[in-house]
Amino acid sequence: MQREAMFPPRPTVLAQQILAGLLRKGDCVIDATAGNGHDTQFLAECVGTSGSVLAFDVQPAAIAAARARIEQAGFSGSVEFILESHEWMGKHARENSIAAVMFNLGYLPGEDHGRTTETTVTLAALDVAAGVLKQMGGMLSVICYPGHPAGATEAAAVEGWMEQQAAKGWRVAKYGAIHTRRPAPFLCFARTGDNR
Ligand SMILES: C[S@@+](CC[C@H](N)C(=O)[O-])C[C@H]1O[C@@H](n2cnc3c(N)ncnc32)[C@H](O)[C@@H]1O
């Protein structure tokens, strides 16, 4: 029996659905928040063995979990794990070279909830991501969690940053459920320039 799709789709699912239609084999991409490696694996599948994935996280436990997932899936050859904060991604990627950067903000489920993303660092990392992304058709997905006070502050800052990019000519969209009991997670998705 076919399972009914969830509505509205989770932002994590939606981000992958949008990117799957736009990424190409051979692309170089970044997972800015590797966590348990779900997005890292998704990105590795999209870009194939001719492409490459840089995966950042500040928690050794996250890097270990993501690495185990990638080894199990057979993508070790195309993924480089970096135990470093994502605001330093510019040390590892050239300007105008990256097809997509994915951020899934917040904390790693099951691990130390204190090691959550932080607004000032997130904004610094978004500025760096804007530089390493291809200036034509580069894609940036950011999932925000405004359901608690620190997450709400970070989500508002990300939305403000996205509005600035839209004013500079990026195409930017925001997707999320409305009229929920608590503010629902949402996806900001942006694309640089006009065409690839
Ligand atoms: C919601 S989880 C990511 C889930 C992941 N995308 C997945 O598919 O399993 C957020 C992750 O961001 C990481 N993180 C927090 N601050 C960070 C930073 N400054 N740089 C890189 N990663 C960071 C956390 O350690 C956590 O693993």
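If you're wondering where the values come from, they're calculated on a predicted model, not measured in any experiment.

Comments concerning the overall build of the protein chain
What the protein chain contains, in helices and strands, is 5 helices and 7 strands. Ordering the α and β elements of the protein chain from the N terminus gives α-β-α-β-α-β-β-α-β-α-β-β. Relative to its length of 196 residues, the protein chain is compact, with a C-alpha radius of gyration of 16 Å against a globular reference of 16 Å. The dimensions of the protein chain, computed from C-alpha atoms along their principal axes, are 45 × 40 × 40 Å. For the protein chain, with 196 residues in total, the buried portion stands at 45%. Partitioning the intrachain contacts of the protein chain with sequence separation of at least 6 by distance along the chain shows that 71% fall at a separation of at least 24. Surface exposure of the protein chain reaches about 10200 Å², of which carbon and sulfur atoms provide 53%. Between the centroid of the 17 positive side chains of the protein chain and the centroid of its 19 negative side chains there is a distance of 6 Å.

Observations concerning the site of the ligand
Near the ligand you find 23 residues, and of these Asn36, Asp57, Gln59, Ser85 and His86 are the closest. Contact distances for the ligand include 3.0 Å between a nitrogen atom and a backbone N or O atom of Thr33. Within the contact set of the ligand, an oxygen atom lies 3.5 Å away from a backbone nitrogen or oxygen of Gly37. Tallied by class, the residues present in the shell around the ligand amount to 8 nonpolar, 12 polar and 3 charged.

Examining the pairing of strand E7 (residues 186–191)
Residues in a regular strand point their side chains to alternate faces of the sheet. Within E7, 6 of the 6 residues are buried, which leaves it mostly tucked inside the rest of the structure. Here E7 shows two buried faces, one formed by Phe186, Cys188 and Ala190 and the other by Leu187, Phe189 and Arg191. The sheet contact formed by strand E6 (residues 171–176) and E7 spans 6 bridges and is antiparallel. Bridging across to E7, Tyr175 finds its partner in Leu187.

Thresholds applied
- Residues numbered from 1 in each chain as written.
- Predicted model: local features only at pLDDT ≥ 70, side-chain atom pairs only at ≥ 80, totals over all residues.
- Heavy atoms only, no water.
- Helix = DSSP H or I, 4+ residues; strand = E, 2+ residues; numbered from the N terminus.
- Rg over C-alpha atoms; globule rule 2.2 N^0.38 Å.
- Buried < 20%, exposed > 50% of the residue type's maximum accessible area, 1.4 Å probe, protein only.
- Contact = heavy atoms within 4.5 Å.
- Areas by Shrake-Rupley, 256 points an atom, 1.4 Å probe, with all protein chains shown as cover.
- Lys, Arg positive; Asp, Glu negative; His and termini not counted.
- Charge placed at Lys NZ, Arg CZ, Asp CG, Glu CD.
- Near = heavy atom within 4 Å.
- Polar contact = N/O pair within 3.5 Å; in protein donor to acceptor, adjacent residues only side chain to side chain.
- Nonpolar A, V, L, I, M, F, W, Y, C, P; charged D, E, K, R; others polar.
- Pairing = 2+ DSSP bridges.

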